[in-house]
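Structure at a glance
Listed below are the residues making up each chain.
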Amino acid sequence: PFYNAAEGLGRSPFMARMSNRLTAYDVQTGRLMAEYPPSDDGGEASRLFFLGPPLVLDDRLYCIAESLGEFRLLVLKVSPEGLQLDWSQSLLNTSSTLMQNPTRRMCGLSPSSRNGLLICPTEGGGVTAIDLQLQAQRLMSQQQQFGGNFENRWLESSTMLSERHVVMTLRDVDELHCLNLADGTLAWKKEREEGLFVAALYDGKVIVVSRGFVQAY
């Protein structure tokens, strides 16, 4: 399954579309198997905008979407009948300034998972951790918040997990952050400088790709 923007109301690629859909295709035939929300759904689900491809865990799809002025985690159940909403959780309310910035919908946000925790980045200056062992119904007590800077950017918002840490880049934050996985507190942070994206975590080091060179921290 992957996400695909449906027809929107914007007349320019730089204008925000109203909604898109998550679609699933048969790998061998390319035939459309399921979509969410269904094309005949005219309710609140039709105003969803999926911000990136889903994380697949067991028979669930974990997706980050924008809905009615907030970032939400949507958990979809895969069944013979198609894609069905299992549960959802609010992650962050979007500000009016963020709503006016269409690039927030071009960052490819996807959750990451390790040791029963689901790490959900947002393009709104925050990241939320959810305990899947508690059916993902309660937010963890710690939530790390950051300021915003839309002039200096990473190429993508991403999270990479090690045994004890979350290494994270947010497109609206000009720093590299490392959080403690257990409680979400800040372990360290570093200025982005010329960094474009984090390529990997390897042998206790963070590999950052810059323009014309690679660095390991």
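First, a word on what this report is: a plain description of the structure on this page. (Residues numbered from 1 in each chain as written. Predicted model: local features only at pLDDT ≥ 70, side-chain atom pairs only at ≥ 80, totals over all residues. Heavy atoms only, no water.)

With that out of the way, let us pick up the sheet that holds strand 18 (residues 205-210). Pairing is antiparallel in the open sheet, where three strands are placed in the order 17-18-19. Two strands lie at the open edges of the sheet, namely strand 17 (195-202) and strand 19 (214-216), each paired on one side alone. Adjacent strand axes in the sheet meet at a mean angle of 25° when their direction is disregarded. Inspection of the sheet shows strand 17 paired to strand 18 by six bridges, in the antiparallel sense. Among the inter-strand pairings, Leu201 is bridged to a residue of strand 18, identified as Val206. (Pairing = 2+ DSSP bridges. Helix = DSSP H or I, 4+ residues; strand = E, 2+ residues; numbered from the N terminus. Axes fitted to C-alpha atoms, helices over the stretch in contact; angles between N-to-C directions.)

Bringing the nonpolar core into the picture now. In terms of nonpolar packing, the biggest core is built from 17 residues, with Tyr62, Leu73, Leu91 and Leu118 touching the most fellow members. Taken together, the elements giving at least two residues each to this core come down to strand 6 (60-67), strand 7 (70-79), strand 8 (82-93) and strand 10 (117-121). Each residue touching Tyr62, except ones within four places of it in the same chain, is listed here: Pro54, Leu55, Leu57, Leu73, Leu74, Val75, Trp87, Pro111, Leu118 and Leu132. Core analysis: the next-biggest nonpolar cluster, separate from the first, contains 12 residues, Tyr36, Cys63, Ala65 and Leu83 among them. (Core = buried A, V, L, I, M, F, W, Y, C linked by side-chain atoms within 4.5 Å. Buried < 20%, exposed > 50% of the residue type's maximum accessible area, 1.4 Å probe, protein only. Contact = heavy atoms within 4.5 Å.)

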